[in-house]
Structures are given as structure tokens and as C-alpha cells.
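So the chains spell out like this:
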Amino acid sequence: MMKIKIMPKKEKGVAALPVILLISGIIMELVAASAFLAFSFSSGSFGTVLASEALFGARTGAEDGIYRIIKNNYPSSYNLTVSSGSHTVTIDVTVEKDPLGVCTCLGSGCCYRVRSTGRVLFRERKVEAIMSVDQNTREIKKESFKEIEL
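Quantities reported herein were computed from a predicted structural model and do not represent experimental measurements. (Residues numbered from 1 in each chain as written. Predicted model: local features only at pLDDT ≥ 70, side-chain atom pairs only at ≥ 80, totals over all residues. Heavy atoms only, no water.)

Undergrad: Just to check I follow, could you spell out the overall build of the chain for this structure?
TA: Counting its secondary structure elements, the chain contains 2 helices and 5 strands. For the chain, with 150 residues in total, the buried portion stands at 25%. Taking all contacts inside the chain whose residues are at least 6 apart in sequence as the whole, residues at least 24 apart take part in 47%. Split by element, the accessible area of the chain, about 10500 Å² in all, is 62% carbon and sulfur. (Helix = DSSP H or I, 4+ residues; strand = E, 2+ residues; numbered from the N terminus. Buried < 20%, exposed > 50% of the residue type's maximum accessible area, 1.4 Å probe, protein only. Contact = heavy atoms within 4.5 Å. Areas by Shrake-Rupley, 256 points an atom, 1.4 Å probe, with all protein chains shown as cover.)

What follows is the structure, given as C-alpha cells:
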């Protein structure tokens, strides 16, 4: 008859520590690799392409806001979505009439400020356009059209 050897209480959890360390090491390696990939995408040529697409989307949103001001049919804020190839550009546009509250901008018409934000994946760019609009003729005089810091 065969005897079964029972391990003493001290040796029962000996294998648990190396297994836990091995699994946590594998998880840490996966996290480090994904962080490296995210960094290389954001700082490499792929990130540059995404940033230029986001800037193009922001400019497009600002021009759309200006067009809606000319037509005198603009909401205070709206969203646009444009698909270009494999990427989708999300554009948030806000239009403010008379941000100073005086409705005089360089002596003629009301001031309008259009702010547009373009987003592609993890890149984001913002453009601001300030203009004066004659309320009778709908003539627009652009005062500034520039990219602003986020």
C-alpha cells in the first residue's frame, strides 16, 4: 500500500509568490509597450498627419460659421462630423454675437466671434475668427482668423 505524503503547513503557498510575480511582470510589460506605442504615434509622422487633419477640420468649422453668419441663420453652437479616408474629424463650432456687449465693432456693425475645435483621435486644434458684420448689407470685415492655444 502506498503512503501519501502530506506537506507541512509551512510549504503550502510556496508556488503562489513566483506565479503572482510572473503574471504581474507580464501585465507591466504590456502596459509599458502600449504606452510606448501611444507615444510613438503621437510624436511621429502619424501624429503630425492627425494634427494637420484636426487643424483643417477646425478651419473648415470656422469658415462654416462665417457662412452661417452671412446667411443670418446660425445657432450658438453646433457639431459637424467629417470622414476623410480612415479618420473621422469631429468639429465643435461656437458662434458668439457681440462678445463685448456693445454691438459696435470698429465703428460699423456688430462683432461676431467664431471658435471652432477640430478633433481627430487624440489630436485637437482650435481656430478663432473675429469679424464685424454690417446688419443691413451683411458685409463682413475679417479682423482676425488664427489658430489659438488649447
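Undergrad: Would you mind going over the pairing of strand 1 (residues 77-84) with me for this structure?
TA: Looking down a regular strand, the side chains alternate between one sheet face and the other. As paired elements, strand 1 and strand 2 (residues 87-97) share 8 bridges and run antiparallel to each other. Residue pairing in the sheet places V82 in a bridge with V89 of strand 2. Two successive antiparallel strands, strand 1 and strand 2, enclose a turn made up of 2 residues, where G85 displays a positive phi of approximately 70 degrees. (Pairing = 2+ DSSP bridges.)

Undergrad: Can you walk me through the packing of aromatic side chains in this structure?
TA: Two measures describe an aromatic ring pair: the distance that separates the ring centres and the angle between the ring planes. Going through the model one piece at a time under the given rule, you end up with 1 aromatic pair. Ring geometry for Y74 versus Y112: centroids 5.6 Å apart, planes at 85 degrees, classification edge-to-face. Residue Y74 is found in the loop between helix 2 (45-70) and strand 1, and its partner Y112 is found in strand 3 (residues 110-120); the two are separated by 38 residues along the sequence. On the accessibility criterion, Y74 (23% relative accessible area) is partly exposed. Owing to a relative accessible area of 0%, Y112 belongs among the buried residues under this scheme. The cationic tip of R68 hangs over the ring face of Y78; the distance from NZ or CZ to the ring centre is 4.0 Å. Its end group placed over the ring of F145, K142 keeps NZ or CZ at 4.9 Å from the ring centre. (Phe/Tyr/Trp six-rings, centres within 6.5 Å; stacked < 30°, edge-to-face > 60°. Lys NZ or Arg CZ within 6 Å of the ring centre and 35° of its normal.)

Undergrad: How should the pattern of salt bridges be read in this particular structure?
TA: Counting across every chain of the model gives 7 salt bridges. In this structure, the salt-bridge partner of R68 is D64, at a minimum N-O distance of 3.1 Å. Taken together, the residues R68 and D64, both in helix 2 and 4 residues apart, mark about one turn of the helix. For R68, a relative accessible area of 25% puts it in the partly exposed group. Among the ionic pairs, R125 bridges to E147, the shortest N-O distance being 3.1 Å. Linking R125 in strand 4 (residues 123-133) with E147 in strand 5 (residues 140-148), this pair joins segments that are 22 residues apart in sequence. For R125, a relative accessible area of 26% corresponds to the partly exposed category. Judged by relative accessible area, E147 falls into the partly exposed class, the value being 41%. Linked by salt bridges that have partners in common, D92, R119 and E124 make up one network. (Salt bridge = Lys/Arg side-chain N within 4 Å of Asp/Glu carboxyl O.)

Undergrad: Where do I start with the sheet that holds strand 1 in this structure?
TA: Each strand in a sheet pairs with another by means of backbone hydrogen bonds, the pair being arranged parallel or else antiparallel. Taken together, 5 strands build an open sheet; the order of strands is 1-2-3-4-5 and the sheet is antiparallel. Each having just a single partner strand, strand 1 and strand 5 make up the two edges of the open sheet. Looking at each pair of strands side by side, their axes are set apart by 20 degrees on average, direction ignored. Pairing geometry for strand 3 and strand 4, over 11 bridges, is antiparallel. (Axes fitted to C-alpha atoms, helices over the stretch in contact; angles between N-to-C directions.)

By themselves, these are just geometric observations and shouldn't be taken as functional.
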